[in-house]
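Here's the letter readout for the chains.
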Amino acid sequence: MKLHGTMSVKNKNLYIGGVKCENVAKKYETPLYIFDEKLIRKNCREYVNYFKVKENNNKVAYAGKAFLPRYMCQLIKEENLYLDVVSGGELYTAYKSQFPMEKILFHGNNKTIDEIEMGIKLGVGIFVVDNFYELDLIEEICERYNTIQDIYFRITPSIEAHTHEYIKTGQIDSKFGFALTNGDLYEALEKVKEYKNINLIGLHAHIGSQIFEVDPYMDAVDIMMNLIKKIKENYNIEIKEIDLGGGIGVYYTKHDTPKTIKEFCESIINRVEKTCEKLKINKPVLIIEPGRSIVANAGSTLYTIGSIKDIKDIRTYVSVDGGMTDNIRPSLYQAGYECAVINKIGLDKINQVTVAGKCCESGDILITDTDIMEIQSGDILITTSTGAYGYSMSSNYNKIPKPAVVFVKDGKSKLICKRQSYKDLISLEL
Ligand SMILES: Cc1ncc(COP(=O)(O)O)c(C=O)c1O
Ligand SMILES: N[C@@H](CCCC[NH3+])C(=O)O
């Protein structure tokens, strides 16, 4: 198991943020999400530094869908990032965390009338407009509130990135954005020229998630830069900002070979500079929206091992007290994870097991066929790199309460989300 961030091992015991995992598990019980605050802040700072936020006024917007308790909003604010929200719920969370509304980018392919109204009333910085329906609604609602809204257009750049089918978004057959190939974007540009309450300042493209290559981003840069030139020439609209979305891949298992944040940022910035020179256009402000690459490796999940079922010559199932309710990614995307027993780190991996969840689904498998040290019921198992799209995609299937979330730093732990109780589970029922 790869050690991320501040993880360290003393006498076979795993520590994160200077805190012994065994003690955290005892104090808060399992299943439990545990986050390395230093690593999250380090990732934020690397983005701010290598994406030239200070020198070039570029912007890094954390994609809240990856993990967005109020504590994260505050952290993101402290680290001077913008925030990408994708629903009224995420916007509300940011608002209740005193996150500056002008630093919000509001995404979504089907924002409801209520969500659009909420965003306009709260004064969000940018609406990333996805379609004609939304464009018309924003104009109408802004007129009612006598205000002007800055927007980007989300475009579908027809780029196929190599990632799981479910998390590709840049290809032409996509529910997101205005297509370039069928003229939709040009029709939207005609509309926006007529509209009095909309100020188009940027273009956005997001090609997918968990992407390791930089080439599709280079293609996206080229497409966007050429569009800036074309839009200026044909519509006399100055596109000042270009948002390249998120999607930067991370390490989950030894099969993953991600680029560093530095490599990614530098490739994008260099390409933009070269393309601008070639096309003789002004350098736009650049935005990126990393989610996974800020929080994935900083989060882990602690589980208690219960039943161990050995089917001779076939498989050993090791069941834990969580599963697809706290980590849907293996069932949804066949995502891989690493694991270990937190007080036996470094011991020889003598068994091959399959780690199963406790849900009433055969597909509730967290890790298939992983090598592991000697285990027994009652051991605490850690799965690493569960920080992105773990808690945020968690559910109450089988009426299983959501785990608590703890942040650790400098030898201290802090509870940031309480564990759900059985009472919470029925609290909305009449
Ligand atoms: C528009 C947009 N921006 C940013 C992200 C964040 O992506 P990731 O978590 O892969 O960095 C996503 C999710 O894929 C997205 O849809
Ligand atoms: N939720 C997905 C990624 C989709 C990101 C949002 N566009 C994952 O866990 O990998």
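Note that the structure is a prediction, hence the values are computed from the model and not measured.

Asker: Help me out: how do you make sense of the UniProt feature "binding site: pyridoxal 5'-phosphate" (unreviewed entry) in the protein in this one?
Answerer: Cross-referencing UniProt, the feature "binding site: pyridoxal 5'-phosphate" (unreviewed entry) maps to Gly-247, Glu-289, Pro-290, Gly-291, Arg-292 and Tyr-389 in the present numbering. Among the structural elements, Pro-290 can be located in the loop between strand 13 (285–288) and helix 11 (292–295). In this view, Pro-290 contacts Tyr-47, Val-60, Ala-61, Tyr-62, Ala-63 and Gly-246; residues no more than four positions away in its chain are not counted. With respect to the helices and strands, Arg-292 occurs in helix 11.

Asker: In this structure, what is going on with unusual backbone geometry? I would like to understand it.
Answerer: For residues besides glycine, phi is generally negative; the peptide bonds are generally trans as well. A cis amide bond, omega -5 degrees, links Thr-30 with the succeeding residue Pro-31. Mapping Pro-31 onto the fold places it in the loop between helix 1 (21–28) and strand 4 (32–36). Phi is positive for Asp-410, which is not a glycine, with a value near 45 degrees. Here Asp-410 is to be found in the loop between strand 20 (404–409) and strand 21 (412–417). The class for Asp-410 is exposed, based on a relative accessible area of 53%.

Asker: Just checking my understanding: could you explain the nonpolar core for this structure?
Answerer: Grouped burial of nonpolar side chains is what soluble globular proteins tend to show. Of all hydrophobic cores here, the largest spans 130 residues; its most connected members are Ile-40, Tyr-62, Phe-67, Phe-153, Met-225, Ile-268 and Phe-407. Looking at this core element by element, the count peaks at ten residues for helix 9 (residues 215–235). Not counting the four nearest positions on each side in its chain, Ile-268 is found in contact with Phe-51, Tyr-217, Met-218, Val-221, Leu-244, Leu-286 and Ile-288.

Asker: Explain the packing of helix 9 against helix 10 (residues 261–279) here, please?
Answerer: How two helices pack is summed up by the angle between their axes together with the distance between the axes. Two numbers describe how helix 9 lies on helix 10: the axes approach to 10 Å, and their chain directions differ by 35 degrees. Of the two elements, helix 9 crosses helix 10, and the hand of that crossing is right-handed. Each of Tyr-217, Met-218, Val-221, Asp-222, Met-225, Asn-226 and Lys-229 in helix 9 lies in contact with helix 10, whose residues at this interface are Phe-264, Ser-267, Ile-268, Arg-271, Val-272, Thr-275, Cys-276 and Leu-279. Within the contact of helix 9 with helix 10, the residues separate by chemical class into nine nonpolar, three polar and three charged.

Asker: How do you make sense of the site of ligand 2 when you look at a structure like this?
Answerer: Around ligand 2 there are eight residues in total, and Arg-292, Arg-329, Tyr-333, Tyr-389 and Met-393 lie nearest to it. Arg-292 has a polar side-chain atom sitting 2.6 Å from an oxygen atom of ligand 2. Between ligand 2 and Arg-329 there is a distance of 2.6 Å, counted from an oxygen atom to a side-chain nitrogen or oxygen. Starting from 310 Å² of accessible surface for ligand 2 in isolation, the protein chains cover 82%. Taken together, the residues that form the shell around ligand 2 break down as four nonpolar, one polar and three charged.

Asker: Looking at this model, I keep getting lost on the sheet that holds strand 2 (residues 13–16). Mind explaining?
Answerer: Strand pairs in the sheet, formed through backbone hydrogen bonds, run parallel or antiparallel to each other. Judged by pairing direction, the sheet is antiparallel, and its three strands sit side by side in the order 1-2-3 without closing on themselves. Looking at strand neighbours, the two that pair on one side only are strand 1 (8–10) and strand 3 (19–20), the edges of this open sheet. Alignment of strand 1 against strand 2, held across three bridges, turns out to be antiparallel. Looking at the pairing, Ser-8 lines up with Tyr-15 of strand 2.

Asker: So what exactly am I meant to see when it comes to empty space enclosed by the protein here?
Answerer: Over the atoms, a rolling probe the size of a water molecule traces out where space has been left empty. Inspection of the entire model under this criterion finds two cavities of 30 Å³ or more. What the largest cavity holds in volume is close to 40 Å³. The wall of the largest cavity is formed by Asn-56, Asn-58, Ile-269, Val-272, Glu-273, Lys-283, Pro-284 and Leu-286. Sort the elements by how many residues they give to the lining of the largest cavity and helix 10 lands first, with three residues. For the lining of the largest cavity, the per-class residue count stands at four nonpolar, two polar and two charged. Reported here for the second largest cavity is a volume of approximately 40 Å³. Lining of the second largest cavity is provided by Pro-31, Gly-322, Thr-325, Asp-326, Ser-394, Ser-395, Ile-400, Pro-401, Lys-402 and Pro-403. Residues of the lining of the second largest cavity, tallied by class, amount to four nonpolar, four polar and two charged.

Reading the values: rules and limits
- Residues numbered from 1 in each chain as written.
- Chains lettered and ligands numbered in written order.
- Predicted model: local features only at pLDDT ≥ 70, side-chain atom pairs only at ≥ 80, totals over all residues.
- Heavy atoms only, no water.
- UniProt positions renumbered as here; feature names shortened; annotations may be inferred.
- Helix = DSSP H or I, 4+ residues; strand = E, 2+ residues; numbered from the N terminus.
- Contact = heavy atoms within 4.5 Å.
- Buried < 20%, exposed > 50% of the residue type's maximum accessible area, 1.4 Å probe, protein only.
- Core = buried A, V, L, I, M, F, W, Y, C linked by side-chain atoms within 4.5 Å.
- Axes fitted to C-alpha atoms, helices over the stretch in contact; angles between N-to-C directions.
- Left-handed = near helix turned anticlockwise from the far one by under 90°.
- Nonpolar A, V, L, I, M, F, W, Y, C, P; charged D, E, K, R; others polar.
- Near = heavy atom within 4 Å.
- Polar contact = N/O pair within 3.5 Å; in protein donor to acceptor, adjacent residues only side chain to side chain.
- Areas by Shrake-Rupley, 256 points an atom, 1.4 Å probe, with all protein chains shown as cover.
- Pairing = 2+ DSSP bridges.
- 1 Å grid on protein atoms, 1.4 Å probe; cavity = no way out; pocket = protein on both sides within 12 Å on 5 of 7 lines; lining within 4 Å.
- Points joined across faces, edges and corners; volume = space filled by probe spheres on them.

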